[in-house]
Structures are given as C-alpha cells and as structure tokens.
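A look at the structure
Single-letter residue listing:
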Amino acid sequence: MISMQQISKQFGDLVVLKDINLEVEKGKVVVVIGPSGSGKTTLLRCLNILEKPESGSITIDQQTIDFSRKVSKKEILSFRKQSGMVFQTYNLFPHFTALENVMEGPVTVQGVNKAKAREKAGSLLSKVGLSEKLDVYPYQLSGGQQQRVGIARAMAIDPKVMLFDEPTSALDPELVGEVLLVMKQLAEEGRTMVVVTHEMKFAREVADEVIFMDNGVIIESGKPDELFSRPKEQRTKEFLNLINQ
Amino acid sequence: MKRSPKNGLMKMYLYNSFFSAENIEILQDSFLPLLKGVLSYTIPLTLISFFIGIIIAVVTAVCRISGIKLLSGIARVYVSIIRGTPLLVQLFIVFFGLGNLGIDALKFEPFTGAVIAFSLNTGAYASEIIRASILSIEKGQWEASSSIGMSYFQSLKRVILPQATRVSIPPLSNSFIGLVKETSLASTILVSEMFRKAQEIVATTYTPLLVYVEAAAIYWVICFVLSLIQERIEIRLNRYVKT
C-alpha cells in the first residue's frame, strides 16, 4: 500500500532523513518510535508531502511521486488526497463546528453536495463517539474530543492510509485512552495506518510492525514483541531502557 | 478656587452670544445642507473607497506573502509610495496632476478622483493589517487544510481569511473611522462633501466657530455609530473563540 524508496530530506545543512526505505502492506499498522529529533515526524509528514523530500519516491496505492524530478503542485494535491493526517495539536478549524470541520474536505475538495456531506460527517462523528457534539465549536470540546474530530475529519476524504503524528502527545493523561480506543477500532477495521507515537502499550497491542528511528535512519524494525523484548541494535536497547525507567 | 464674578459674567456673555437666537437659526439652517453633504458625498465616498480599498488590500497582502518575488516586490513598492506620501498630495496628483496631462481618460470628476485616491490610500494601509492578520493564523491551519487536499486558494478562502478577518476587525475599524474623517480632504478637490458645505456656509455667515463645531459634531456622531457597529461585528465574529 505504501512504499518509500530512498527518501532523503534536509533542512538547510541538517539532514533529517537519510535514504529511508519503507514498505507498508495493505491493512497493516506500523508504529514509528524514536527519540525526539530522530526524523519520525518528518517521515510521516513526507507521506502527506507537508514536507517535500529532496530525493527518492513514494508510492501510495497506485500513485507514485518521484522527487528526483520537478513535482507539480497539482501532483502534490492529488497525492495528498490518498492519506489522512491527524496532527499532534489537532489543528481543527476553530471557526467551524465539529460537523463543519468534518464536512469541509468532502464539500470543498471532493465537491460532494452539502446534504450528503453532512450525513457522512454525522456518521463519522458518531463513529468516534461524538454524535452529541455535532454543532459545537472546537473550543467547547476537550482535547480528546477535539482529536477525535480530527480523526473524523481526516477520514472524511476517504484516504487509503491514515497518518497519525503523535496524536496523544498534547493530551491530558486521562484523555489519551479515548483517542487510542478510536485508533484501535480503525486498526481492527483493517485500515492501513502509520502512527508516530510514544504510547508503547498501544504499539505493543495494535502494531503489526514497529520501526525504531534515530538520526534520520531506520535503525531496526520488527514485530512489536520482538522489537520490544529482544531488540537487536544497541541504540534500540538504550532507547527502550530510557523510556522504561 | 473661588470664581471671580467678572469671570462668571464673561462666561455667561460667551454662552449667550454663542447660543443667541441668531446663532441657533444659523445652526438650524446649516444642518440640512451639511446632512446632504454627508449623505450624498461623505458616506458614499467612504463606503465605495473602503470597499475598493479592501479588495486592493487583500490582493496586495496575498502578493506580499506569496513568496513570488515580482509580485511581492510590486506590492512593497506600492505600499511604500502610498505610505510615504501625504494623502492630500495623492489627491492633488490624481485630480489636478493627471487631469492636466491632456488625456481624456485621466480627467476625472472630483468624486471619481477622490474615490481613486482614497481607495489607493486605504488599500496600502489596510494591506499591512490584512498581511499581519494572515500571518497571525497558526501554520497548523494551513497544514490541516492542505492535508485534506485543499489548494492554496481554497485554504486561503475557506480557512485562513475567515479567521484573519476576526483578527483584523479592530484595526480595520480604525482605518474605516479614519477614512470617514479624511474624506474632508476631498473638499480641496471640489467634492461637495460635508466639510466643503461647511466652508461654503461660513463664507456667507462669517460664523466659523459655530459651523465648524457643528460639522465636527456630525463627524463625531457618524464615528460613534460606527464604533457601535464595530462592537456588534466583533461579538459576532468572536462566537467561536473562548472568552
């Protein structure tokens, strides 16, 4: 479903991603972990082309985009629609209600008529447990509720893959569970997901594959059990020791 | 402090002479012509110029932040020229200067000339307000709208500008209220707006203090009403913000 080939990205002189290769099969959940500054968020943002890699190519489903040549804006726009992005800081549109936030993609981007979009947005919001919050503005919602609207908004454009950028990092501890629950539910439905997170328990329970990144490279990857219990690389061991303290 | 009786008498004299029957008649007689100046010139001039000015301002602000060197360069030069020269001089250049070139298309009616000068002036100042308002919207809003597949202009129209509008209402109201008063400068290029009407009245009555104070009071009432409207707009646009 997803294939990244030799993706490199640098900000000025700072190399953030070095020759990344990554394959994600359809319906699999991949969790990316690593210390801050390891490039994991940039990796995810490259999949949505919020960051444009300098070289390499990315394929999602049937569509490939090759960054070694000039990429047009149109190409980027159409490629983006294949993935839904969930942000650490939710980034809901504050001037729209929960329902309008979710409707915005279908109406403005896909040209779906409003009645249909409203119906779809309503069912997505009830799926994330917010059927009673359709007409409230984001500021009236808790962080966990806002993030669930964020998930519904991302799903509304029918993406082939869902991308989560530390979706629970900005949340109060007691609100983390409700968001993870929704994500788990999506995983069980067989959605292809790439998740950058520090929630190791979630990674253990839900991930099909865990990737450990450091300094812009993938150090090792494997089934969660293997990687967490028997990491092969020294750096992975050190990282896991640090977060288990 | 104890008032001297002389001082009190003086005040009473001034009061009585200011509000003498004669003066009250002048005030009453001049009110309608002044009001006519407000309704047929001051307000239309303000509204039309502000409307065109805001369109110019949005385009200029978007050019400035576009990152396209040619566009942002043109926008910078425009803002710099307008902000760097007096409005009165701009009015004279548009009306007398261009009118003197001998090109018919550039010979404007006084009202048209005033609209051009005021629109260009408002456009430059308001563009900085709008640019600042756009830049004040978090980067995450651009990213979120891009991530659901919106183009640059879709993001701008649906997500960024509506939020920037909220931020820009207080400073834009300042510009608008400023413009109401600046239209008095149009009197110098023969537009019969309120202040010119006042000058004409003074020329026959020789009561400058009386008539100009009356004109000032009318400006103040207009601006007061505008600030009430501003409050209403702010309340409406703040509905989605935690207060």
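Just so we're clear, the structure is a prediction, and the values are computed from it rather than from any experiment.

Description of the overall build of chain B
- Broken down by element type, chain B carries 9 helices and 0 strands.
- Ordered by position from the N terminus, the helices and strands of chain B form the series α-α-α-α-α-α-α-α-α.
- Relative to the globule expectation of 18 Å for 243 residues, the C-alpha radius of gyration of chain B, 23 Å, shows a markedly less compact shape.
- Overall size of chain B, expressed as C-alpha extent along the three principal axes, is 75 × 55 × 30 Å.
- Across the 243 residues of chain B, 41% fall into the buried class.
- When the accessible surface of chain B is totalled, it reaches about 13800 Å², and 68% of it is carbon and sulfur.
- Across chain B, the mean location of the 22 positive side-chain charges is 11 Å away from that of the 14 negative side-chain charges.

So, the overall build of chain A
- Along its length, chain A carries 9 helices and 10 strands.
- A globule of 245 residues ought to have a C-alpha radius of gyration of about 18 Å, and chain A, at 18 Å, matches this closely.
- Counting every position in chain A, which comprises 245 residues, the buried fraction comes to 55%.
- Counting only carbon and sulfur atoms, one obtains 46% of the accessible surface of chain A, whose full area is about 10800 Å².
- Averaging the locations of the 31 positively and 32 negatively charged side chains of chain A gives two centres separated by 5 Å.

Description of the packing of aromatic side chains
Residue and element names in this part refer to chain A.
- Per the counting criterion, the structure on display carries 11 aromatic pairs over all chains.
- Considering the side-chain rings of phenylalanine 212 and phenylalanine 239, the 5.1 Å spacing of their centres and the 35° angle between planes classify their relative orientation as tilted. Placement of phenylalanine 212 in strand β9 (residues 209-214) and of phenylalanine 239 in helix α9 (residues 234-244) is noted, with a sequence separation of 27 residues between them.
- Take phenylalanine 212: its relative accessible area is 1%, and that puts it in the buried class.

With respect to the nonpolar core
- One finds Met4(A), Val32(A), Leu43(A), Leu47(A), Ile58(A), Ile65(A) and Val194(A) to be the most contacted residues of the largest nonpolar core, which totals 51 residues.
- A total of 5 residues in this core trace back to one element, the largest contributor, which is helix α7 (residues 152-182) of chain B.
- Discounting chain neighbours no more than four positions away, the residues touching Ile58(A) are Ser3(A), Met4(A), Ile7(A), Cys46(A), Leu47(A), Gln63(A), Thr64(A), Ile65(A), Phe67(A) and Phe79(A).
- One finds Val102(A), Ala121(A), Ala156(A) and Val179(A) within the second-largest nonpolar core, a separate group that totals 48 residues.

Describing the side chain of Asn48(A)
- Here Asn48(A) lies in the loop between α1 (40-47) and β4 (55-60).
- Given a relative accessible area of 0%, Asn48(A) falls into the buried group.
- At 2.8 Å, the side chain of Asn48(A) and the side chain of Ser83(A) are in polar contact.
- When neighbours within four sequence positions are excluded, Asn48(A) is seen to be in contact with Arg80(A), Ser83(A), Met85(A), Leu163(A) and Ser147(B).

Quick notes on unusual backbone geometry
- Non-glycine residue Ile49(A) carries a positive phi angle of around 55°.
- Relative to the elements of secondary structure, Ile49(A) occurs in the loop between α1 and β4.

Considering helix α5 (residues 110-135) of chain B
Residue and element names in this part refer to chain B.
- Given a rise of 1.5 Å per residue, 26 residues ought to cover 38 Å, and the 37 Å separating the end C-alpha atoms of α5 matches this to within 8%.
- Its axis deflected by about 25° at alanine 126, α5 carries its strongest bend there.
- For α5, a buried count of 19 out of 26 residues is recorded, marking the element as mostly surrounded by other parts of the structure.

Here we look at the pattern of salt bridges
- Applying the stated criterion to the full structure yields 18 salt bridges over all chains.
- For Glu54(A), the salt bridge identified is with Lys9(A), shortest N-O distance 3.9 Å. Here Glu54(A) is found in the loop between α1 and β4, whereas its partner Lys9(A) is found in strand β1 (residues 2-11), with 45 residues between them in sequence.
- Glu54(A) gets classed as partly exposed once you look at its relative accessible area, which sits at 40%.
- Given a relative accessible area of 8%, Lys9(A) falls into the buried group.
- Through salt bridges with shared partners, one network takes in Arg45(A), Glu51(A), Lys139(B) and Glu143(B).

A word on the sheet that holds strand β8 (residues 192-196) of chain A
All names here are of chain A.
- With mixed pairing, 6 strands are arranged side by side in an open sheet as β6-β7-β8-β3-β9-β10. Edge positions in the sheet fall to β6 (83-86) and β10 (217-222), since each of these pairs with one other strand and no more. Looking at each pair of strands side by side, their axes are set apart by 20° on average, direction ignored.
- For strand β3 (residues 29-33) and β8, the ladder comprises 4 bridges, and the chain directions are parallel. Residue pairing in the sheet places valine 31 in a bridge with valine 195 of β8.

Here we look at the environment of Phe95(B)
All names here are of chain B.
- By the element assignment, phenylalanine 95 lies in helix α4 (residues 87-99).
- What makes phenylalanine 95 buried here is its relative accessible area of 13%.
- Counting along the chain gives 16 residues from phenylalanine 95 to phenylalanine 111, while the straight-line C-alpha distance between them is 9.5 Å.
- If near-sequence neighbours (up to four positions away) are discounted, phenylalanine 95 is found in contact with Phe108, Glu109, Pro110, Ile189 and Leu190.

What to know about the environment of Ile222(B)
Residues and elements named next belong to chain B.
- Its place among the elements puts isoleucine 222 in helix α9 (residues 208-237).
- Owing to a relative accessible area of 15%, isoleucine 222 belongs among the buried residues under this scheme.
- Sequence separation between isoleucine 222 and serine 187 is 35 residues, and the spatial gap between their C-alpha atoms is 18 Å.
- Beyond its immediate stretch of four places on either side in the chain, isoleucine 222 contacts Val38 and Val180.

Cut-offs used in this document
- Residues numbered from 1 in each chain as written.
- Chains lettered and ligands numbered in written order.
- Predicted model: local features only at pLDDT ≥ 70, side-chain atom pairs only at ≥ 80, totals over all residues.
- Heavy atoms only, no water.
- Helix = DSSP H or I, 4+ residues; strand = E, 2+ residues; numbered from the N terminus.
- Rg over C-alpha atoms; globule rule 2.2 N^0.38 Å.
- Buried < 20%, exposed > 50% of the residue type's maximum accessible area, 1.4 Å probe, protein only.
- Areas by Shrake-Rupley, 256 points an atom, 1.4 Å probe, with all protein chains shown as cover.
- Lys, Arg positive; Asp, Glu negative; His and termini not counted.
- Charge placed at Lys NZ, Arg CZ, Asp CG, Glu CD.
- Phe/Tyr/Trp six-rings, centres within 6.5 Å; stacked < 30°, edge-to-face > 60°.
- Core = buried A, V, L, I, M, F, W, Y, C linked by side-chain atoms within 4.5 Å.
- Contact = heavy atoms within 4.5 Å.
- Polar contact = N/O pair within 3.5 Å; in protein donor to acceptor, adjacent residues only side chain to side chain.
- Expected span 1.5 Å × (residues − 1).
- Bend = angle between axes of the 7 residues up to and from the residue.
- Salt bridge = Lys/Arg side-chain N within 4 Å of Asp/Glu carboxyl O.
- Pairing = 2+ DSSP bridges.
- Axes fitted to C-alpha atoms, helices over the stretch in contact; angles between N-to-C directions.

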